[in-house]
Amino acid sequence: MIILGIFACILGIGALCWLLLNLAVFALPLFAGVATGLAAMRSGIGPIGAILIGLATGVLVLIAGQSIFTFSRAPIVRGVAAAAFAIPAAFAGYHATHGIAALTIGGSIVPVLVAIAGSAAIGATALMRMTLPAARAVRS
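Okay, so let's go over this structure. (Residues numbered from 1 in each chain as written. Predicted model: local features only at pLDDT ≥ 70, side-chain atom pairs only at ≥ 80, totals over all residues. Heavy atoms only, no water.)

Concerning the layout of surface pockets
Here is step 1: The space that makes up the largest pocket amounts to roughly 210 Å³.
Here is step 2: What lines the largest pocket is simply Asn-22, Leu-23, Phe-26, Pro-29, Leu-30, Gly-33, Val-34, Gly-54, Leu-55, Gly-58, Val-59 and Leu-62.
Here is step 3: For the lining of the largest pocket, the secondary structure elements donating two or more residues are helix 1 (2–25), helix 2 (27–42) and helix 3 (47–71).
Here is step 4: It is helix 3 that contributes the most residues to the lining of the largest pocket, five residues altogether.
Here is step 5: Residue classes in the lining of the largest pocket are distributed as eight nonpolar, four polar and no charged. (1 Å grid on protein atoms, 1.4 Å probe; cavity = no way out; pocket = protein on both sides within 12 Å on 5 of 7 lines; lining within 4 Å. Points joined across faces, edges and corners; volume = space filled by probe spheres on them. Helix = DSSP H or I, 4+ residues; strand = E, 2+ residues; numbered from the N terminus. Nonpolar A, V, L, I, M, F, W, Y, C, P; charged D, E, K, R; others polar.)

Right, here's the structure in full:
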């Protein structure tokens, strides 16, 4: 029974890390959705309406960014769209990785180095997820 609890704990930690990665990769749509949801909540629309408005805004930001990247021919526009998604993702990835590394690794410089590596990995993941719809559109 104890071994089952250990495996469940490892599975739960893995699920939380996967969720944290996805939230960091989609930092821009998440921020836009949370900001508009909170603004809607302050305007008195209610919690359900605020959640729906925030969800719709996050989805629209994600679709708009991927559409701009997919259908634009200008490399500058594509670069700006990719940077608009990758920079906040790298920033969020740095702080998420630094928080986890500071809890688990001692010292002062090692968590920063781990956080820089995590930032690069999450920024690259965000960039790859941004280019995925463009690669599918070119293939079809």
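With respect to the environment of His-95
Here is step 1: Topologically, His-95 is positioned in helix 4 (residues 75–104).
Here is step 2: C-alpha separation for the pair His-95 and Pro-111, spaced 16 residues apart in sequence, amounts to 10 Å.

Side note on a nonpolar patch on the surface
Here is step 1: Judged by side-chain polarity, Leu-16, Trp-18, Leu-19, Leu-23, Leu-30, Val-34 and Leu-38 come together as a nonpolar surface patch covering roughly 700 Å² of accessible area.
Here is step 2: Elements supplying a minimum of two residues to the nonpolar patch: helix 1 and helix 2.
Here is step 3: Take the nonpolar patch: its biggest share by element is four residues, from helix 1.
Here is step 4: For Leu-23, the location among the structural elements is in helix 1.
Here is step 5: Looking at Leu-23, the relative accessible area reads 39%, which means it is partly exposed. (Patch = residues over 30% accessible without salt bridge, like charges linked within 9 Å, V, L, I, M, F, W, Y side chains within 5 Å. Areas by Shrake-Rupley, 256 points an atom, 1.4 Å probe, with all protein chains shown as cover. Salt bridge = Lys/Arg side-chain N within 4 Å of Asp/Glu carboxyl O. Buried < 20%, exposed > 50% of the residue type's maximum accessible area, 1.4 Å probe, protein only.)

Observations concerning empty space enclosed by the protein
Here is step 1: Tallied over the full model, the rule gives one cavity of 30 Å³ or more.
Here is step 2: Approximately 50 Å³ is the volume found for the largest cavity.
Here is step 3: Lining the largest cavity we find Val-25, Phe-26, Leu-62, Gln-66, Phe-85, Ala-126, Arg-129 and Met-130.
Here is step 4: Tallying contributions element by element places helix 5 (residues 110–139) first for the lining of the largest cavity, with three residues.
Here is step 5: For the lining of the largest cavity, the residue count by class is six nonpolar, one polar and one charged.

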